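# Topology and contacts: notes
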Amino acid sequence: MLCKAKILKSIDVIKVASIVLNNFKNDSRVLKENISLSNAGYSSTVVALHEEPLEEFQETHNVRIHRVKLHTRSWSRLPLIQVLKYLEFCFTVAKKYSQSDIIHCNDLKTLPVGAFIRSFFNRKIKIVYDAHEYETETIGLKGVQKILLKQLEKRLIHWADQVITVSNSIANEYVRLYGIQKPALVLNTPPLKLATKQDRYRESLGIKKGQLVFLYQGGLTPGRGIEILLDAFESMEDDTASIVFMGYGSLESRIKSSKVYKSRVFFHAAVSPDVILEYTASADFGISTIEDTCLSYRYCLPNKMFEYLMADIPIIVSNLPEMKRIVESNKVGIVASENTVEGLRLAIKQAISLDRKQIKNNILNVKKTYNWEEQEKVLLQVYSDLYAN
């Protein structure tokens, strides 16, 4: 932990406003960051959007949460009305938090809030831009909206005193595009924990004792290879392997309508963060598939990869550069040759034949690097550097 005295100047406590444009209900990365800042002596407040029945003001782990109530919230979702909602949010946040010392912008759409506050309310305020993905290359972003967001980021990223992102490839792209100093890498990893082997899925879902359990954990939405995984398990010749999809999303009904549902394909609802490791550790393998449909996906490092490793289970990942690098350089699983039914079926067969004892030793070593305690050090150094000059 960095010495608090090093970062404090003439003020007693450095006040941080961490801005998100969601209801801050399931944003684990932002929560971890602000707990770390709070533990390091910062006065941290997460500023989010209010939504019923959530509380407007709340506190957890010494982190204050303020969900901003907008008068325009109930208005229509027409584009012009959405702009009015955004402007109300900007003015409300500026009025309440312009005397903060640091504005932490958690995506591109909150970066203008920081720039607005510095321009009109507080010239001394520091801005941290925390890009949780390749902001201008996300799936579905195209046309005029994409052009405008690219121009917005190009202009406003230079307002940031520090930039953080989530993979080396994205950091290099920001250097190439904007000529900035390479952003700091703060990966979305879980806290370091010891995993105890569990058997939650066999107990609750009726999976056969000798059947291997492959786990897909996370959002059940298009673009994550779920349909391909279903086809792969449906076309298998026997029940040697099963897959559990744990999470929520639009593809839940497709999973439950599988022709091998409850024999090779199973569904489990999402569980709370305090028990998720027990469920993850109940699988034999973890699967993290992402379809190469946009640069944000191509360069991603999904947090579920690190959750699997924290639970001591080998992983199967898509053949994408950042995911491939983690798996192959550390020998902790299998990289599917391609995101097809045949590619994933082959990867599953290869995973089954792995030396599980050797893989577990490799995972134990990897966990020493890819945990939140290590990522926290990078975050706190970023904050320390804000006051280095």
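Since the structure is predicted, the reported quantities are computational estimates derived from the model, not experimental observations.

## Some remarks on the nonpolar core
- Core analysis: the largest hydrophobic core is formed by 36 residues, its most contacted members being Val47, Phe89, Val93, Tyr129 and Tyr174.
- The set of elements that each furnish at least two residues to this core consists of β1 (15-19), β2 (43-49), α3 (79-97), β5 (102-105), α4 (111-120), β6 (126-130), α5 (143-156) and α6 (168-178).
- Within the second largest apolar cluster, 32 residues are counted, among which are Leu215, Tyr297, Leu301 and Val327.

## Some details on the sheet that holds β6
- Across the sheet, which stays open at both edges, the eight strands sit in the order β3-β4-β2-β1-β5-β6-β7-β8 with mixed pairing between neighbours. Edge positions in the sheet fall to β3 (57-60) and β8 (184-185), since each of these pairs with one other strand and no more.
- Relative to β6, β5 runs parallel, the two sharing four bridges. The residue bridging Ile102 from the neighbouring strand is Lys126, located in β6.

## Let's talk about α4
- Of all the 10 residues making up α4, eight are buried; the element is thus mostly covered by neighbouring parts of the structure.
- Of the residues making up α4, those classed as buried are Leu111, Pro112, Val113, Gly114, Ala115, Phe116, Ile117 and Arg118.
- The inward-facing, buried residues of α4 contact α3, β5, β6 and α5.

## Here we look at unusual backbone geometry
- The step from Glu52 to Pro53 runs through a cis peptide bond, and the omega angle for that step is 5°.
- Within the secondary structure, Pro53 sits in the loop between β2 and β3.
- Residues other than glycine seldom take positive phi values, yet Phe24 does so here, at roughly 50°.
- As for its position among the elements, Phe24 is in the loop between β1 and α2 (28-39).
- Among the residues examined, Phe24 registers a relative accessible area of 7% and is labelled buried.

## Brief notes about α6
- When we look at burial in α6, the residues that qualify are Ser169, Ile170, Ala171, Glu173, Tyr174 and Tyr178.
- In this fold, the buried residues of α6 make contact with β6, α5, β7 (162-165), β8 and α13 (321-330).
- A positive phi of about 65° marks Gly179, the residue just after α6.

## Comments concerning the pairing of β5
- Burial of β5 is two-sided: the residues Ile102 and His104 facing one way and the residues Ile103 and Cys105 facing the other way are all buried.
- By the bridge criterion, four bridges tie β1 to β5 in an arrangement that is parallel. Counterpart to Val16 in the pairing with β5 is Ile102.
- Remark: the β5/α4/β6 crossover connection has right-handed handedness.

## Focus: the side chain of Ser258
- One can find Ser258 in the loop between α9 (252-256) and β11 (265-269).
- For Ser258, a relative accessible area of 7% puts it in the buried group.
- A distance of 2.7 Å separates a polar atom in the side chain of Ser258 from a polar atom in the side chain of Glu234.
- Not counting residues up to four positions away in its chain, the partners in contact with Ser258 are Leu230, Glu234 and Val265.

What counts and what doesn't
- Residues numbered from 1 in each chain as written.
- Predicted model: local features only at pLDDT ≥ 70, side-chain atom pairs only at ≥ 80, totals over all residues.
- Heavy atoms only, no water.
- Core = buried A, V, L, I, M, F, W, Y, C linked by side-chain atoms within 4.5 Å.
- Buried < 20%, exposed > 50% of the residue type's maximum accessible area, 1.4 Å probe, protein only.
- Helix = DSSP H or I, 4+ residues; strand = E, 2+ residues; numbered from the N terminus.
- Pairing = 2+ DSSP bridges.
- Contact = heavy atoms within 4.5 Å.
- Right-handed = clockwise from strand over helix to strand, strands pointing away.
- Polar contact = N/O pair within 3.5 Å; in protein donor to acceptor, adjacent residues only side chain to side chain.

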